[in-house]
Amino acid sequence: MKKYQYQIIRYLHDRVTGEFINVGVIVYSPEYQHLDCKIITKYGRITSFFPGADGKAILKSLRHFEKEVIRTKQLFSELLPVSEDLAELTRKIFPDDDSSLTLTDVKKGVDLDFNKALADLYRLLVTKWQNEADESATSDADLWKKKYKKYFDEYGITAKLTEHEVETKYDSFQFDKAWKNEIWHCYLPVSFDLQNVENIRSKVYKWAGKLAELATASEFIDVTLLTSIPKRHLELSGFIQEKLTLNSAEITVKLVSEADAERFAKDLCREIAEHQ
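Residues numbered from 1 in each chain as written. Predicted model: local features only at pLDDT ≥ 70, side-chain atom pairs only at ≥ 80, totals over all residues. Heavy atoms only, no water.

Attention now moves to the side chain of Glu213. For Glu213, the position within the fold is in helix 6 (residues 197-214). Buried within the structure, Glu213 lacks any salt-bridge partner; Lys169 is the closest side chain of opposite charge, at an N-O distance of 7.8 Å. Of the polar contacts made by the side chain of Glu213, one reaches the side chain of Thr168; its length is 2.7 Å. Look past the residues within four positions of Glu213 in its chain and what remains in contact with it is Thr168, Lys169, Tyr170, Asp171 and Phe173. (Helix = DSSP H or I, 4+ residues; strand = E, 2+ residues; numbered from the N terminus. Buried < 20%, exposed > 50% of the residue type's maximum accessible area, 1.4 Å probe, protein only. Lys, Arg positive; Asp, Glu negative; His and termini not counted. Salt bridge = Lys/Arg side-chain N within 4 Å of Asp/Glu carboxyl O. Polar contact = N/O pair within 3.5 Å; in protein donor to acceptor, adjacent residues only side chain to side chain. Contact = heavy atoms within 4.5 Å.)

Laid out in structure tokens, this is it:
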């Protein structure tokens with residue numbers, strides 16, 4: 001059996017929410033000087049998950065990455081020192097910047113044939129979810145427009161909300177749905193109705209980290225996450241609630257489900273009216 005390293009290439013749709021989709025795989029063996037990658041060839045896979053994504057631009061970036069992999073592989077024959085770490089190679093090909101394309105940490109595997117390993121990884125990590133692309137996965141923007149905005153509009157809340165920026169120890173957060181009485185109340189649509197468990201858990205952990213950073217702000221804030229619970233993964237509801245609900249001296253965070261959207265809007269309308 002031959003040892004190899006690999007990384008998953010991902011399109012990161014939103015760095016704030018952490019929504020992503022796998023779009024390729026790269027495999028490397030320093031011992032056998034083998035380097036190869038496989039990427040999606042049509043951007044419909046991306047835009048079916050994220051309708052607002054610039055599929056053509058993303059596919060162009062992926063093709064450039066593929067060309068750089070081929071160029072790097074050709075250098076192996078020029079007796080240059082071969083890196084033992086795939087991440088070292090890919091950092092030169094694909095700098096870690098603000099690009100929407102990212103690479104996972106290096107993982108390891110074994111196989112008799114590197115080409116077969118690449119094909120198997122691509123099928124398992126990329127095309128496994130291809131058939132699910134036609135099924136609805138609600139984005140944060142869609143969640144607001146389709147589930148919550150109509151009730152906020154109906155009860156006259158939307159017009160009373162404003163923007164508010166929160167400065168934290170290491171960052172700043174911009175809320176476009178907020179109002180203030182004694183404290184600032186901020187509302188964020190966050191959809192967990194994603195295609196697979198890995199995406200859901202990743203998004204929860206990312207938001208847990210962001211809420212922890214929000215707790216370092218000098219001002220106390222009340223945050224409400226306007227959520228949609230994953231319909232195909234209802235068993236994760238408790239996990240989501242436990243990880244994201246907070247009640248401390250620095251911040252309170254509560255979650256509202258789409259089933260309670262109208263009731264929440266009614267209560268919020270009453271609360272705002274009482275403080276005007």
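Picking up where we left off.
Within soluble globular proteins, side chains that are nonpolar tend to cluster in buried spots. By size, the foremost hydrophobic cluster in this structure holds 37 residues, and its most contacted members are Tyr6, Tyr11, Val23, Val25, Ile40, Leu62 and Phe65. Not counting the four nearest positions on each side in its chain, Val23 is found in contact with Ile9, Arg10, Tyr11, Lys38, Ile39, Ile40, Ile46, Leu62, Leu101 and Val126. With 26 residues, the next largest nonpolar core counts Leu188, Leu194, Leu244 and Val253 among its residues. (Core = buried A, V, L, I, M, F, W, Y, C linked by side-chain atoms within 4.5 Å.)

Another aspect to go through is the sheet that holds strand 7 (residues 172-180). Through backbone hydrogen bonds, the strands of a sheet pair up, either in parallel or in antiparallel fashion. Spatial ordering of the open sheet is given by 6-7-8-9-11-10, a layout of six strands whose pairing is mixed. Edge positions in the sheet fall to strand 6 (162-167) and strand 10 (246-247), since each of these pairs with one other strand and no more. Inspection of the sheet shows strand 10 paired to strand 11 (residues 251-257) by two bridges, in the antiparallel sense. Bridged to Leu246 within strand 11 is Val253. (Pairing = 2+ DSSP bridges.)

Packed helices, taken two at a time, are described by the angle between their axes plus the distance between the axes. The geometry of helix 6 relative to helix 7 (residues 237-244) is characterised by a closest axis approach of 9 Å and an angle of 15 degrees between their N-to-C directions. Taken as axis vectors, helix 6 and helix 7 run roughly parallel relative to one another. Crossing geometry of helix 6 relative to helix 7 is assigned as right-handed. Contacts from Ile200, Arg201, Val204, Tyr205, Trp207, Ala208 and Leu211 of helix 6 reach helix 7 at Phe239, Ile240, Lys243 and Leu244. (Axes fitted to C-alpha atoms, helices over the stretch in contact; angles between N-to-C directions. Parallel < 35°, antiparallel > 145°, perpendicular 65-115°, else oblique. Left-handed = near helix turned anticlockwise from the far one by under 90°.)

For the rest of this paragraph, the subject is the packing of helix 5 (residues 140-154) against helix 8 (residues 261-274). Two numbers describe how helix 5 lies on helix 8: the axes approach to 9 Å, and their chain directions differ by 30 degrees. In terms of crossing hand, the pair formed by helix 5 and helix 8 is right-handed. Listed contacts from helix 8 to Lys147, Tyr148, Tyr151, Phe152 and Glu154 of helix 5 are Ala261, Glu262, Phe264, Ala265 and Leu268. Looking at the contact of helix 5 with helix 8 residue by residue, the classes come out as seven nonpolar, no polar and three charged. (Nonpolar A, V, L, I, M, F, W, Y, C, P; charged D, E, K, R; others polar.)

We now examine helix 8. For helix 8, built from 14 residues, the straight-helix expectation of 20 Å at 1.5 Å per residue is met to within 8% by its first-to-last C-alpha distance of 20 Å. What helix 8 keeps buried is the set Ala261, Phe264, Ala265, Leu268 and Ile272. On an axial view of helix 8, the arc spanned by its buried residues comes to 100 degrees, and they lie on one face. Of the surrounding secondary structure, the elements contacted by the buried residues of helix 8 are helix 5, strand 7, strand 8 (184-191), strand 9 (221-228) and strand 11. (Expected span 1.5 Å × (residues − 1). Arc of directions from axis to C-beta.)

Attention shifts here to the pattern of salt bridges. A full pass over the atoms with the stated rule returns eleven salt bridges. Across the pair Glu258 and Lys147 runs a salt bridge, and its minimum N-O distance is 3.6 Å. Separated by 111 residues along the polypeptide, Glu258 in the loop between strand 11 and helix 8 and Lys147 in helix 5 bring together distant segments of the chain. The class of Glu258 is partly exposed, set by a relative accessible area of 22%.

Bringing the confidence of the model for the chain into the picture now. Model confidence for the chain is summarised by a mean pLDDT of 87, while 91% of its residues fall at 70 or above. Between residues 131-136, whose pLDDT stays under 50, and residues either more than four places distant or in other chains, the model counts nine contacts. (pLDDT = per-residue confidence, 0-100.)

Mapped onto the elements, Asp111 comes out in strand 5 (residues 107-111). One polar contact links the side chain of Asp111 to the main-chain amide nitrogen of Asp113, over a distance of 3.3 Å. Setting aside residues up to four positions removed in sequence, Asp111 forms contacts with Met1, Lys2, Tyr4, Lys116, Ala117 and Asp120.

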